[in-house]
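# Structural features, examined
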Amino acid sequence: MSEDCLFCKIVNKEIESQFLYEDDTYVVFKDINPSAPVHLLLVPRRHIRSINDLEPAHESLVGGLFSLAAKMAKEQGVDKSGYKLLFNVEKGGGQMVFHLHLHLLGGWQR
Ligand code: AMP
Ligand code: ZN
């Protein structure tokens, strides 16, 4: 837990959010300002600032994010139509919330 981290507050239910999925390791919720018809944020409960801060011990945590993404894409009905997975890394990469998260974007008609 990092104080003043928005996603830590969401993970710890200090800020209201509806989880589409949660387990001991991850939570998933809808992006408040969606960039696609389906825009989910897949968030490890553990506070890690960004991809730059990954250590070897985090490998299974990050690997698990991709399995969870495939599961969520299927649940949202975008697995066959297709989707994007995105990490923004630091300010220049568009990161605004400095708690590791994977964007799942999909649901376009094309
Ligand atoms: P990033 O720019 O990669 O750090 O992504 C942060 C994302 O969090 C943005 O797409 C925001 O729209 C989203 N966001 C910010 N506050 C909230 C919130 N309270 N609930 C859900 N999503 C949020
Ligand atoms: Zn955090």
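Please refer to the structure higher up on the page.
Residues numbered from 1 in each chain as written. Chains lettered and ligands numbered in written order. Predicted model: local features only at pLDDT ≥ 70, side-chain atom pairs only at ≥ 80, totals over all residues. Heavy atoms only, no water.

## Let's talk about the site of ligand 1
So the rule is basically this: Residues are labelled near a given molecule or strand when at least one of their non-hydrogen atoms is within 4 Å of it. Throughout this description, a polar contact denotes any pair of N or O atoms lying within 3.5 Å of each other; where both atoms belong to protein, one of them has to be capable of donating a hydrogen while the other can accept it, and for residues adjacent in sequence the pair is counted only when both atoms sit in side chains. Method for areas: the Shrake-Rupley scheme with a 1.4 Å probe, in which residue coverage is limited to the protein chains shown. The distinction between a cavity and a pocket rests on a 1 Å grid over the protein atoms alone: a 1.4 Å probe fits inside a cavity but cannot get out, while a pocket stays open yet meets protein on both sides within 12 Å along at least five of seven lines, and a residue with an atom within 4 Å of a point counts as lining. For a cavity or pocket, the test is whether more than half of a molecule's atoms lie within 2 Å of its grid points; if they do, the molecule sits there.
For ligand 1, the set of nearby residues contains 16 residues, the closest of which are Asp-31, Gly-94, Met-96, Val-97 and His-103. The contact in question runs from a nitrogen atom of ligand 1 to an N or O atom on the backbone of Ile-32, over 3.1 Å. In the model, an oxygen atom of ligand 1 is placed 2.7 Å from a nitrogen or oxygen of the Met-96 main chain. When the free accessible area of ligand 1 is taken as 510 Å², the share hidden by the protein chains comes to 86%. Here ligand 1 is seated within the largest pocket.

## Remarks on helix α2 (residues 59-75)
Short version of the rule: Strands here mean DSSP runs of E at least two residues long; helices mean DSSP runs of H or I at least four residues long; both are numbered from the N terminus. Working rule for helices: expected span equals 1.5 Å times residues minus one. For the exposure calls, accessible area comes from a 1.4 Å probe over protein chains only, and a residue counts as buried if that area is under 20% of its type's maximum, exposed if over 50%, partly exposed in between.
The end-to-end C-alpha separation of α2 is 25 Å, in line with the 24 Å expected for 17 residues at 1.5 Å each. Taken residue by residue, α2 has Leu-61, Val-62, Gly-64, Leu-65, Leu-68, Ala-69, Met-72 and Ala-73 as its buried positions. The first or second residue beyond α2 is Gly-77, which carries a positive phi of 75 degrees.

## A closer look at the side chain of His-58
The cut-off we apply is this: Throughout, a contact is declared for two residues whenever any of their heavy atoms are within 4.5 Å.
By the secondary structure assignment, His-58 is in the loop between β3 (38-44) and α2. Judged by relative accessible area, His-58 falls into the buried class, the value being 5%. Excluding anything up to four places from it in sequence, His-58 contacts Arg-46, Ile-48 and Asp-53.

## Observations concerning the packing of aromatic side chains
Here is the rule we go by: In this analysis, rings of Phe, Tyr and Trp, with Trp reduced to its six-membered ring, are considered paired at centre separations within 6.5 Å, and the interplanar angle assigns stacked below 30 degrees, edge-to-face beyond 60, and tilted for intermediate values.
In total, this model carries 3 aromatic pairs according to the counting rule given. Ring centres of Phe-7 and Phe-29 lie 5.4 Å apart, and the angle between their planes is 85 degrees; on these two criteria the pair is classed as edge-to-face. Of this pair, Phe-7 sits in helix α1 (residues 6-11) while Phe-29 is found in strand β2 (residues 26-30), placing the two residues 22 residues apart along the sequence. Here Phe-7 falls in the buried class, since its relative accessible area comes to 4%. With centroids separated by 6.3 Å and ring planes inclined at 35 degrees, the aromatic side chains of Phe-19 and Phe-29 adopt a geometry described as tilted. In this pair, Phe-19 is assigned in strand β1 (residues 19-22) and Phe-29 in strand β2, connecting sequence segments 10 residues apart. The same class applies to Phe-19 and to Phe-29, which are both buried. By way of ring pairs, the aromatic residues Phe-7, Phe-19 and Phe-29 are connected into one cluster.

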